[in-house]
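For reference, the chains in residue letters:
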Amino acid sequence: MTAELLEASPTRTLTIGKALNEGLRRAMEDDPTVVLMGEDIGRLGGVFRITDGLQKDFGEARVVDTPLAEAGIVGTAVGLAMRGYRPVVEIQFDGFVFPAYNQIVTQVAKLHARSRGTVPMPIVIRIPFGGGIGAVEHHSESPEAYFAHTPGLKVVAVSNPVDAYWGIQQAIACPDPVVFLEPKRRYWDKAPVDTAADPEPLFRARVVRGGDDVTVLAYGPMVKTALQAAEAAAEEGRSLEARRPAHPLAAGPRPGDRLGAPYRPLRRRARGAGDPRSRRGDRRPRDRGLLPLPGGPGAARRRLRRALPAVQARGGLPPRPRPGPGRHRPRDGVLR
Amino acid sequence: MTAVRNEIEAETDRAGDDPGPLPGAGAPHLPQQPDLVQLLTPEGERLEHPEYPLEVSDAELRGFYRDMVLVRRWDAEATALQRQGELGIWASLLGQEAAQLGAGRALQDGDMAFPTYREHGVAWARGVDPLHVMSLFRGVDNGGWHPRERGFALYTIVIGAQCLHATGYAMGVQRDGAESAVLAFLGDGATSQGEVNEAMVFAASFAAPVVFFCQNNQYAISVPLERQSKVPLYRRAAGFGFPGVRVDGNDVLAVLAVTRAALRAAREGQGPTFIEAFTYRMGAHTTSDDPTRYRLAHEVEEWKLRDPIARLKAYLSRSGLADAAFFDGVEAEADELAGRIRRGTVEMPDPPPTAMFDGVHAEMTPPLAAQRAAFEAYQASFEGGAA
Ligand SMILES: Cc1ncc(C[n+]2csc(CCOP(=O)(O)OP(=O)(O)O)c2C)c(N)n1
Ligand SMILES: [Mg+2]
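Being a predicted model, the structure only gives us computed values, none of them experimental.

## Things to note about the site of ligand 1
Residues and elements named next belong to chain B.
Here comes step 1: As a matter of local geometry, ligand 1 sits amid 15 residues, with Y117, R118, I157, G189 and Y219 nearest to it.
Here comes step 2: For ligand 1, an oxygen atom lies 2.6 Å from a polar atom in the side chain of Y117.
Here comes step 3: Contact distances for ligand 1 include 3.1 Å between a nitrogen atom and a backbone N or O atom of I159.
Here comes step 4: Surface burial for ligand 1 is 71%, taken as the share of its 570 Å² of free accessible area covered by protein chains.
Here comes step 5: Tallied by class, the residues present in the shell around ligand 1 amount to 8 nonpolar, 5 polar and 2 charged.

## Quick word on the confidence of the model for chain B
Residue and element names in this part refer to chain B.
Here comes step 1: Averaged over chain B, the pLDDT score is 92; the fraction of residues at 70 or greater is 90%.
Here comes step 2: Below pLDDT 50 for its whole length, residues 7-31 participates in 30 contacts with residues either more than four positions away or in separate chains.
Here comes step 3: If you check the scores for this complex, the pTM reads 0.85 and the ipTM reads 0.92.

## Quick look at the side chain of B:Q100
Here comes step 1: Looking at the element boundaries, B:Q100 is found in helix 3 (residues 97-106).
Here comes step 2: At 2.9 Å, the side chain of B:Q100 and the backbone oxygen of B:R118 are in polar contact.

## Notes on unusual backbone geometry
A negative phi angle is the norm for most residues apart from glycine, just as the trans form is the norm for most peptide bonds.
Here comes step 1: Phi is positive for A:D40, close to 65°, though the residue is something other than glycine.
Here comes step 2: By the secondary structure assignment, A:D40 is in the loop between strand 2 (34-38) and helix 3 (54-58).
Here comes step 3: Positive phi values are uncommon outside glycine, yet B:I221 reaches one of about 50°.
Here comes step 4: When you line up the elements, B:I221 lands in the loop between strand 5 (219-220) and strand 6 (223-224).

## Some details on the interface of chain B and chain A
Here comes step 1: Listed by partner, the interface residues are 39 residues for chain B and 43 residues for chain A.
Here comes step 2: Both faces combined, the contact of chain B with chain A buries some 3,400 Å², and carbon together with sulfur accounts for 60% of it.
Here comes step 3: Its largest share of buried area at the contact with chain A, chain B owes to B:H165, B:R175 and B:F202, together 18% of the area lost on that side.
Here comes step 4: The tally of links between chain B and chain A comes to 2 salt bridges.
Here comes step 5: A salt bridge links A:R116 to B:D141; the nearest nitrogen and oxygen atoms lie 2.3 Å apart.
Here comes step 6: Put simply, chain B and chain A have 19 residue pairs in polar contact (both at pLDDT 80 or more) between them.
Here comes step 7: Mapped by element, the contributors of at least two residues to the side of chain B that touches chain A are helix 6 (147-150), helix 7 (161-176), helix 8 (194-206) and helix 15 (366-380) of chain B.
Here comes step 8: For the side of chain B that touches chain A, a count of residues per class yields 18 nonpolar, 13 polar and 8 charged.

## A few points about the pairing of strand 8 (residues 190-194) of chain A
All names here are of chain A.
Here comes step 1: Alternating positions in strand 8 separate cleanly, A191 and V193 being buried on one face and K190, P192 and D194 remaining unburied on the opposite face.
Here comes step 2: Bridge count between strand 1 (residues 11-15) and strand 8: 5 bridges; the pairing is antiparallel. Paired with T13 across the strands is P192, a residue of strand 8.

## Some thoughts on the domain arrangement of chain B
Here comes step 1: Each assigned domain of chain B is listed here: domain 1 (2-346) and domain 2 (356-387).
Here comes step 2: Centre-to-centre separation of domain 1 of chain B and domain 2 of chain B, based on C-alpha positions: 41 Å.

## Some points on the coordination of the magnesium ion (ligand 2)
Residue and element names in this part refer to chain B.
Here comes step 1: Looking at the metal site, the magnesium ion (ligand 2) is ligated by D188 (OD), N217 (OD1) and Y219 (O), spaced 2.0 to 2.1 Å from it.
Here comes step 2: Taken in chain order, the donor set of the magnesium ion (ligand 2) reads D-x28-N-x1-Y. Placement of the pair is D188 in the loop between strand 3 (182-187) and helix 8 and Y219 in strand 5, with a sequence separation of 31 residues.

## Digging into helix 12 (residues 297-304) of chain B
Residues and elements named next belong to chain B.
Here comes step 1: All buried positions along helix 12 are accounted for by E299, V300 and W303. Taken around the axis of helix 12, the buried residues stretch over an arc of 95°, which confines them to a single face.
Here comes step 2: Of the surrounding secondary structure, the elements contacted by the buried residues of helix 12 are strand 5 and strand 8 (273-278).

## Let's talk about the pairing of strand 5 (residues 124-129) of chain A
Residue and element names in this part refer to chain A.
Here comes step 1: Along strand 5, 6 of the 6 residues are buried, which leaves the element largely enclosed by surrounding structure.
Here comes step 2: Side-chain alternation along strand 5 places V124, R126 and P128 on one buried face and I125, I127 and F129 on a second face that is also buried.
Here comes step 3: Across 3 bridges, strand 4 (residues 86-90) lies against strand 5 in parallel orientation. If you follow V88 over to strand 5, its bridge partner there is V124.
Here comes step 4: In this structure, strand 5 lies alongside strand 7 (residues 178-183), joined through 6 bridges in parallel fashion. When the bridges of strand 7 are listed, P128 appears paired with E182.

## Quick look at the sheet that holds strand 2 (residues 112-114) of chain B
Residues and elements named next belong to chain B.
Here comes step 1: Taken together, the 6 strands give an open sheet; going across it, the order is 1-7-8-4-3-2, and neighbouring strands pair in parallel fashion. On the outer flanks of this sheet lie strand 1 (36-37) and strand 2, each paired with one strand and no other.
Here comes step 2: Packing against the sheet, helix 3 makes contact with strand 3, strand 4 (210-216) and strand 8, and its axis sits at approximately 170° to strand 4.

## Points about the packing of aromatic side chains
For any pair of aromatic rings, the description consists of the separation of the ring centres together with the inter-plane angle of the planes.
Here comes step 1: Tallied over the entire structure, the rule returns 31 aromatic pairs over all chains.
Here comes step 2: With a centroid separation of 5.5 Å and an interplanar angle of 35°, the aromatic rings of B:W145 and B:F152 are classed as tilted. Each member of the pair, B:W145 together with B:F152, is buried.
Here comes step 3: Through a chain of ring-to-ring contacts, the aromatic side chains of B:W74, B:W90, B:F137, B:W145, B:F152 and B:Y155 assemble into a single cluster.
Here comes step 4: The ring of A:F203 carries A:K154 above its face, with NZ or CZ at 5.1 Å from the centroid.
Here comes step 5: Here the guanidinium or amino end of B:R306 rests over the ring plane of B:W303, the centre of that ring lying 5.0 Å away.

## What about the pattern of salt bridges?
Residue and element names in this part refer to chain A.
Here comes step 1: Applying the stated criterion across every chain yields a total of 35 salt bridges over all chains.
Here comes step 2: With its nearest N and O atoms 3.4 Å apart, the salt bridge here joins K18 to E22. In this pair, K18 and E22 are both assigned in helix 2 (residues 16-30), 4 residues apart and thus about one turn of the helix distant.
Here comes step 3: For K18, a relative accessible area of 39% gives the class partly exposed.
Here comes step 4: Residue classification places E22 among the buried residues on the basis of a relative accessible area of 15%.

Cut-offs used in this document
- Residues numbered from 1 in each chain as written.
- Chains lettered and ligands numbered in written order.
- Predicted model: local features only at pLDDT ≥ 70, side-chain atom pairs only at ≥ 80, totals over all residues.
- Heavy atoms only, no water.
- Near = heavy atom within 4 Å.
- Polar contact = N/O pair within 3.5 Å; in protein donor to acceptor, adjacent residues only side chain to side chain.
- Areas by Shrake-Rupley, 256 points an atom, 1.4 Å probe, with all protein chains shown as cover.
- Nonpolar A, V, L, I, M, F, W, Y, C, P; charged D, E, K, R; others polar.
- pLDDT = per-residue confidence, 0-100.
- Contact = heavy atoms within 4.5 Å.
- Helix = DSSP H or I, 4+ residues; strand = E, 2+ residues; numbered from the N terminus.
- Buried area = accessible area lost by both parts, 1.4 Å probe.
- Salt bridge = Lys/Arg side-chain N within 4 Å of Asp/Glu carboxyl O.
- Buried < 20%, exposed > 50% of the residue type's maximum accessible area, 1.4 Å probe, protein only.
- Pairing = 2+ DSSP bridges.
- Domains from an automatic or database assignment.
- Donors = N, O, S within 2.8 Å, 3.2 Å for Na, K, Ca; no water.
- Arc of directions from axis to C-beta.
- Axes fitted to C-alpha atoms, helices over the stretch in contact; angles between N-to-C directions.
- Phe/Tyr/Trp six-rings, centres within 6.5 Å; stacked < 30°, edge-to-face > 60°.
- Lys NZ or Arg CZ within 6 Å of the ring centre and 35° of its normal.

This is the structure we're talking about:
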């Protein structure tokens with residue numbers, strides 16, 4: 001009966017956590033070489049329950065409660081990958097990936113290139129990341145930049161249940177190692193997920209909300225925050241575009257990079273003094289980029305506060321100095 | 001192997017009361033430990049060991065001699081090529097030929113070995129072309145052999161990292177239900193690495209079919225063994241819950257017998273073994289090293305008396321298994337090999353600059369493809385076009 005129901009209605013409302021769980025399950029069903037490894041992921045189902053029930057259904061050889069050693073988890077995953085498996089390892093918390101840093105950076109990232117492509121490395125390293133859950137130190141970190149600056153790794157973050165469901169399957173199917181960041185504060189966010197749909201590509205930037213005045217780039221848990229900011233701005237007549245970049249830092253973005261997506265230039269308009277959205281007397285078309293909102297940084301902070309109750313609870317964002325003259329200009333031909 | 005296991009357990013119990021040798025007692029001038037498995041004395045006398053009966057044909061014995069002479073000749077040629085500027089660096093295996101050939105020849109088809117950077121003898125045993133190894137030390141490639149096809153992983157320079165790969169690979173062998181085993185190579189210094197210890201924890205926990213083959217050549221660059229361990233290395237295994245055994249690493253027959261037994265046990269599902277091959281690094285750590293700063297000449301002289309090739313030659317001659325014509329033939333073959341290695345190395349082309357983009361990903365990302373295209377255009381902008 002369940003199967004019939006599923007077939008009849010492939011769309012279900014899932015949390016990000018459940019979507020990951022279902023995505024993992026489907027990947028394991030589709031490919032018998034997928035092996036999950038990590039601390040407490042078997043019987044307990046993971047500290048965030050992302051692997052809940054999978055060991056019961058797939059057995060201890062495919063959902064492995066490992067000894068408590070991150071280098072060991074990732075290092076043995078390398079060996080399993082060499083043998084033809086597709087290991088999906090769970091790092092319990094972002095701050096605990098560093099014992100495995102050596103294996104990830106000197107081995108996982110390099111082996112495909114070092115072996116001229118004869119050693120496959122289809123490893124997924126799942127990391128719950130970011131803050132917002134009121135945890136102690138080491139449990140609310142954003143280590144992605146370390147990995148994004150390492151050639152050979154693909155670094156992605158998901159932000160909603162649909163991306164979580166498809167993204168984890170796409171990461172597992174990817175022949176390259178993927179550092180897969182899960183927004184832990186959003187694990188309980190819900191959305192309808194159509195499990196029969198055609199998924200969006202994982203490694204592609206996406207405009208999640210169109211807008212004309214400012215582009216806000218965000219990934220992972222901050223996509224929702226950016227959307228909330230866009231809402232807040234819309235109430236004031238400003239139009240923000242929210243864009244999720246493709247594996248945001250993987251290639252080391254430089255000025256001029258378009259973050260992996262075909263770049264759609266924002267409409268440039270000459271705005272006269274009569275234009276309610278223009279700054280007084282400013283007749284030049286606005287360039288995209290760091291566009292100060294009217295009212296200065298104070299106003300921006302006020303707006304953000306509305307979108308960030310958690311930040312507000314801690315006393316708001318610290319004041320940021322207004323960019324001084326020449327601060328963003330190249331000096332001696334060097335960007336600073 | 002079961003008997004060995006019992007013996008090791010008994011040994012481990014003894015180790016419980018006995019705090020082990022004092023610091024310095026494992027120093028290289030005291031190699032004759034009572035618990036050293038030996039089948040061929042330094043004088044070339046064949047011994048029997050109750051736990052390690054060895055069946056080896058006369059042809060195999062001659063084969064070991066040939067292997068060791070050829071590999072030593074390759075090693076000497078590589079050192080010379082480095083001195084002549086044809087290699088960036090070379091890590092010599094001089095003195096460790098028996099440990100490497102004995103272990104390498106114990107492997108069967110379908111087995112997998114995970115080397116460090118010094119296992120040229122194992123590479124030879126696995127049929128890897130020496131020129132592939134030379135390409136790494138010349139800096140034009142990172143090896144170039146196919147690890148799965150050769151049953152020989154790429155060299156690993158990050159100390160100890162390969163022990164985890166070996167263990168994971170062995171966990172894969174287990175899942176496949178295959179009758180294969182995995183041999184992880186490591187040095188005495190590597191035993192201090194966290195990853196090596198994690199590998200032994202994982203291997204024990206999952207009873208993975210992996211054998212840790214530690215060549216205790218007494219030094220990690222300049223640092224002697226006693227800085228790494230206050231107990232003989234093979235005894236560490238007991239703490240992880242599997243047998244450890246010490247073998248005369250300059251005795252190719254003992255190494256073969258001990259490694260075969262350990263690999264067989266692994267294949268039969270008895271889990272890991274730690275082998276300490278007690279040997280000596282006769283040369284410098286690498287061509288960049290100056291061992292006179294940290295060890296005495298007399299130590300090296302003592303170890304010369306335990307040379308792995310000389311003792312096998314003595315045995316072959318004395319027992320009439322090989323004659324002068326055979327030994328001359330091997331010498332001629334060695335010269336020929338050295339010539340081939342020399343020519344091949346010197347003629348090795350440099351890779352094009354764009355090779356650095358090759359294989360970074362199995363599926364290249366658009367930003368990287370764009371970087372590659374930009375770099376190619378830049379290269380092509382020079383007089384004469386792309387390099
Ligand atoms: C993680 C790491 N640290 C340091 C080094 C530099 N290094 C290269 S070889 C070596 C000594 C290794 O000694 P041992 O394990 O005994 O092997 P051996 O060289 O004697 O064969 C060191 C410190 C390295 N390659 N990797
Ligand atoms: Mg050493």
